[in-house]
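Residue strings, one per chain:
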Amino acid sequence: MSSIQEMRLTDSNDTRAQRLLITDRTGATVVDTDKALPRIENDYSPHSYDGYMADLIAEGQGKVSVTDLQGERYTLLSPAAQAGDYLVLITREEGNSSYNFNLKFKYDVAAKSFDLTQVLLNENNTECDQSLLSTYATDRKALAFKSIADFDGTRAFGALRDWRLAHQTSGAAAEKLMPETASSNFNAALKAYKAGNDEELKTFVSYFIAGDDDGACDPEKYIVEKYYFPQKVGWSNDLGFLFEQAGYYPEAAELLKHITLKHPDRVVAYLNLADAYWALGKREQAQKAYNQYYERMVAAQKQSKTPHRVVSRMGDHKN
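About the thresholds
Residues numbered from 1 in each chain as written. Predicted model: local features only at pLDDT ≥ 70, side-chain atom pairs only at ≥ 80, totals over all residues. Heavy atoms only, no water. Helix = DSSP H or I, 4+ residues; strand = E, 2+ residues; numbered from the N terminus. Buried < 20%, exposed > 50% of the residue type's maximum accessible area, 1.4 Å probe, protein only. Contact = heavy atoms within 4.5 Å. Disulfide = S-S within 2.5 Å. Phe/Tyr/Trp six-rings, centres within 6.5 Å; stacked < 30°, edge-to-face > 60°. Lys NZ or Arg CZ within 6 Å of the ring centre and 35° of its normal. Core = buried A, V, L, I, M, F, W, Y, C linked by side-chain atoms within 4.5 Å. Pairing = 2+ DSSP bridges. Axes fitted to C-alpha atoms, helices over the stretch in contact; angles between N-to-C directions. Parallel < 35°, antiparallel > 145°, perpendicular 65-115°, else oblique. Left-handed = near helix turned anticlockwise from the far one by under 90°. Nonpolar A, V, L, I, M, F, W, Y, C, P; charged D, E, K, R; others polar.

A.B. asks: Mind showing me how you'd approach the overall build of the chain here?
C.D. replies: Within the chain, the regular secondary structure consists of nine helices and 14 strands. With respect to the three principal axes, the spread of C-alpha positions in the chain is 75 × 40 × 40 Å. Evaluated residue by residue, the chain yields a buried proportion of 47% over its 319 residues. In the chain, of all internal contacts separated by at least 6 residues, the share reaching a separation of at least 24 is 52%.

Shown next as structure tokens:
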């Protein structure tokens, strides 16, 4: 931290809140509030309290750090994120094993204030290994707070839960952020594929497979949520292709099937999906996908570029 001296959390006069005190390197008080970190009575578990944990971190340009329910910290790519010192409030809620929020307040040295810049929703895999599935950057305006000085933790807590419900039921607008490790592993896997190095390809693709000591997770429980990026469909399609090339056929089929449903104009996805089905021995699904691919190539007058295996595998579905 280049600008901040220390952060202290102490019990305030109100036994259901903590006092948040932050000073800069000159010893001047930057933050002094007992509204940011309330203890909120939990409906799920009597005599327990929900609220926030607080942390100070330094961020690099174009990257953000998030802390999930397990206390694990991840670095994600966020082109709009600015380098600097940040106060992070992390929600904690008794009985909630599926999600949490990270609220990022950037320190303005000149104004000596912490301004709200990002509200991040973390979703964890509750059905398998409890790992982080995805992180969404929500519209910070939904909280109606501009800085830590006017931030009311109790009001914000309710608003965050309402936003998450809206996100689940109606797909509230949010940008899905990509983990830095996923991006680097993808680049390494793609490089290995282009170099024809099958061993390295399988190694790097294996890093995308979720699981624990009991074995790998069922692809249906995490692949789409973790690796489908609506704003980066090409990346997701290419990852599905790499799954197939590395021999992870169920994972490839799960991801590519979703892409063809959401983006029916993505022609190459049908070919990749068909190849994955064929490798799984699911001939009927494969033939259907090959046919869908071929029909789109014909419509685009590109049938001459169709791989030879497509026509030979179309079977009864062939025109």
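A.B. asks: Is there a simple way to think about the state of the cysteines in this case?
C.D. replies: Where two cysteines share a covalent bond between their sulfur atoms, that bond is called a disulfide. All told, the structure shown has one disulfide when counted by the stated rule. Paired through a disulfide, C128 and C217 show a sulfur-sulfur distance of 1.7 Å. On the sign convention where negative means left-handed, the S-S torsion of about -95° between C128 and C217 marks this disulfide as left-handed. Placement of C128 in the loop between β10 (113–124) and β11 (132–138) and of C217 in the loop between β14 (215–216) and α4 (223–227) is noted, with a sequence separation of 89 residues between them.

A.B. asks: Where do I start with the packing of aromatic side chains in this structure?
C.D. replies: The geometry of two aromatic rings is summed up by the distance between their centres and the angle between their planes. The tally for this structure, following the rule as stated, stands at 14 aromatic pairs. Both rings, one in Y52 and one in F151, keep their centres 5.9 Å apart while their planes meet at 75°; by these two values the pair is edge-to-face. With Y52 in strand β5 (residues 49–59) and F151 in the loop between β11 and α1 (153–170), this residue pair connects regions lying 99 residues apart in the sequence. On the basis of relative accessibility, which here comes to 1%, the residue F151 falls in the buried class. Taking 5.4 Å as the distance between ring centres and 85° as the angle between the ring planes, the aromatic pair formed by F229 and W235 counts as edge-to-face. For F229, a relative accessible area of 2% corresponds to the buried category. Of the residues examined, W235 reaches a relative accessible area of 12% and is grouped as buried. Pairwise contacts between aromatic rings join Y52, F105, F145, F151 and F157 into one cluster. In this structure, K176 packs its charged tip against the face of F229, placed 4.6 Å from the ring centre.

A.B. asks: I would appreciate a short explanation of the nonpolar core in the present structure.
C.D. replies: In summary, soluble globular proteins display a tendency toward joint burial of nonpolar side chains. With 44 residues, the main nonpolar core has F208, Y222, Y227, W235, L239, F243 and L255 as its most contacted residues. Residue assignment for this core shows that the elements contributing at least two residues are α2 (180–194), α3 (198–206), α4, α5 (233–245), α6 (249–262), α7 (267–280) and α8 (283–299). Element by element, the count of residues in this core is highest for α7, at seven residues. Once residues within four sequence positions are removed from consideration, F243 is found in contact with V205, F208, I209, I223, Y227, Y248, Y249, E251, A252 and L255.

A.B. asks: Would you take a moment to explain the sheet that holds strand β7 (residues 73–77) for this structure?
C.D. replies: Reading across from one edge, β4-β5-β8-β9-β10-β11-β12-β7-β6 is the order of the nine strands in this open sheet, with antiparallel pairing throughout. With one partner strand each, in any of the chains shown, β4 (40–41) and β6 (63–67) form the two edges of the open sheet. As judged from the five bridges shared by strand β8 (residues 84–92) and strand β9 (residues 99–108), these two strands associate in the antiparallel manner. Within β9, the residue paired with Y86 across the bridge is K106.

A.B. asks: So what exactly am I meant to see when it comes to the packing of α5 against α6 here?
C.D. replies: Angle between the axes and distance between the axes: these two values describe a pair of packed helices. Relative to each other, α5 and α6 sit at 155°, their axes nearing to 7 Å. In terms of orientation, α5 and α6 fall into the roughly antiparallel class. The crossing of α5 and α6 is left-handed. Listed contacts from α6 to V233, S236, N237, L239, G240, F241, F243 and E244 of α5 are Y249, E251, A252, L255, L256 and I259. A breakdown of the residues in the contact of α5 with α6 according to their chemical character gives nine nonpolar, three polar and two charged.

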